[in-house]
Amino acid sequence: MTKKEIQKTIIKRFLTFVEEVFPQYKIDDYGDGGRIEFFPTNGTSDDIIEFQRSRLDLCVLNCASDQAKQDHMIMEGMLKVIIQEVQNESNQI
């Protein structure tokens, strides 16, 4: 797998995870290829979780609710697992 294929696979698996586990978040892709935001349907704009595609990184505001921070931690943990799995799979090819 090329580096670009690895990144696409990671992003696809991560977004599938978020859709399945966090249905309360609306996924907003700006179409610029750089970032994706997860908007909570029952939260405020402070509770947005942002995903940076190029760095495969998540961030949330310090002033976000405790629920958004907890969701962010779960997402971040799973993202690390997915990255490791995809890298292991690509090394076995």
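Since the model is a prediction, treat every value here as computed from it, not as a measurement. (Residues numbered from 1 in each chain as written. Predicted model: local features only at pLDDT ≥ 70, side-chain atom pairs only at ≥ 80, totals over all residues. Heavy atoms only, no water.)

Visitor: How should the packing of helix α1 (residues 3-21) against helix α2 (residues 66-92) be read in this particular structure?
Guide: Running from N to C, α1 and α2 cross one another at 140°; their axes reach a closest spacing of 9 Å. Relative to α2, α1 is oriented so that their crossing is right-handed. The residues of α2 that touch α1, namely those facing I6, T9, I10, R13, F14, F17 and V18, are I74, M75, M78, L79, I82, I83, E85, V86, E89 and S90. A breakdown of the residues in the contact of α1 with α2 according to their chemical character gives 12 nonpolar, 2 polar and 3 charged. (Axes fitted to C-alpha atoms, helices over the stretch in contact; angles between N-to-C directions. Helix = DSSP H or I, 4+ residues; strand = E, 2+ residues; numbered from the N terminus. Left-handed = near helix turned anticlockwise from the far one by under 90°. Contact = heavy atoms within 4.5 Å. Nonpolar A, V, L, I, M, F, W, Y, C, P; charged D, E, K, R; others polar.)

Visitor: Help me out: how do you make sense of the state of the cysteines in this one?
Guide: Among covalent bonds in proteins, the disulfide is the one between the sulfur atoms of two cysteines. For the coordinates displayed, the defined rule picks out 0 disulfides. As a non-bridged cysteine, C59 has C63 as the owner of its nearest cysteine sulfur, 12 Å distant. Taking relative accessible area as the criterion, C59 reaches 36% and is therefore assigned partly exposed. Its relative accessible area of 53% is what places C63 among the exposed residues. (Disulfide = S-S within 2.5 Å. Buried < 20%, exposed > 50% of the residue type's maximum accessible area, 1.4 Å probe, protein only.)

Visitor: I would appreciate a short explanation of the nonpolar core in the present structure.
Guide: Side chains of nonpolar character tend, in soluble globular proteins, to be buried together. I10, F14, F38, F51, L58 and M75 are the most contacted members of the largest nonpolar core, which has 23 residues in total. Those elements that provide at least two residues to this core are α1, β2 (35-40), β3 (49-52), β4 (57-60) and α2. Sequence-distant contacts of M75, that is, excluding residues within four places in its chain, are made with F14, F17, V18, F22, Y25, F38, I49 and L58. (Core = buried A, V, L, I, M, F, W, Y, C linked by side-chain atoms within 4.5 Å.)

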